[in-house]
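# Tertiary structure, described
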Amino acid sequence: MLILGIDPGTAITGYGLVEQIDELRLVDAGAILTPAGTPLPERLLTIHKQLSSLISSFKPDAVAVEELFFSKNARTAMSVGHARGVVLLTAAQAGLPIFHYKPSEVKVAVTGYGAAAKPQVQEMVRLLLELEETPKPDDVADAIAVAICHLQSAYLHRLLIEE
């Protein structure tokens, strides 16, 4: 199973393609970057085009997206919401199943602790995938963690169904 994990944002949308056959393997990861000062519609179009290209190239089985974390900064939350909407639309256009995970769910799946700090999550991503370095920027490591979360959740779901 190949999962495309997404950490949405208008400036940086992190993505990570993680595959699980017998063990977890990082297939590809990176960030969709949009320059500061670019009008919002152009930034969203860039995210859509690059994400569409990724989906077309790698043909993931599903997309896992981090849910919006509500912060005190409403402007940031709105911006992330716009990017998240584009991600959901792009995945839906491709006919892919979409799964949503809260940040605390991702942390539990990757570290075993729902209030883990970002560095702990990033280090566990590195260890689980046997990477030499932690993926950068943070948005990329977060997106990979979302994909790992889905793979682990799907595995547990299959186990429960088989009982």
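Anything mentioned here points back to the structure above.
Thresholds, definitions, all that
- Residues numbered from 1 in each chain as written.
- Predicted model: local features only at pLDDT ≥ 70, side-chain atom pairs only at ≥ 80, totals over all residues.
- Heavy atoms only, no water.
- Helix = DSSP H or I, 4+ residues; strand = E, 2+ residues; numbered from the N terminus.
- Rg over C-alpha atoms; globule rule 2.2 N^0.38 Å.
- Buried < 20%, exposed > 50% of the residue type's maximum accessible area, 1.4 Å probe, protein only.
- Contact = heavy atoms within 4.5 Å.
- Areas by Shrake-Rupley, 256 points an atom, 1.4 Å probe, with all protein chains shown as cover.
- Lys, Arg positive; Asp, Glu negative; His and termini not counted.
- Charge placed at Lys NZ, Arg CZ, Asp CG, Glu CD.
- Pairing = 2+ DSSP bridges.
- Axes fitted to C-alpha atoms, helices over the stretch in contact; angles between N-to-C directions.

### Comments concerning the overall build of the protein
Within the protein, the secondary structure is distributed over 5 helices and 5 strands. Going residue by residue from the N terminus, the α and β elements of the protein occur as β-β-β-α-β-α-β-α-α-α. The C-alpha radius of gyration of the protein comes to 15 Å, within 12% of the 15 Å expected for a compact globule of 163 residues. When its C-alpha atoms are laid out on the principal axes, the protein stretches across 50 × 35 × 30 Å. Looking at the protein as a whole, 39% of its 163 residues qualify as buried. Put simply, of all contacts in the protein between residues at least 6 apart along the chain, 59% involve residues at least 24 apart. On the protein, roughly 8800 Å² of surface is accessible, and the fraction owed to carbon and sulfur atoms is 58%. Both charge centroids of the protein, one from 13 positive and one from 19 negative side chains, sit 9 Å from each other.

### Topic: the sheet that holds strand 4 (residues 62-66)
Sheet architecture is open: 5 strands sit in the order 3-2-1-4-5, paired in mixed fashion. Looking at which strands have only one partner, the edges of the open sheet turn out to be strand 3 (24-33) and strand 5 (98-101). Sheet twist, expressed as the average angle between the axes of neighbouring strands with direction ignored, equals 20 degrees. Note: strand 1 (residues 2-7) against strand 4, 4 bridges, orientation parallel.

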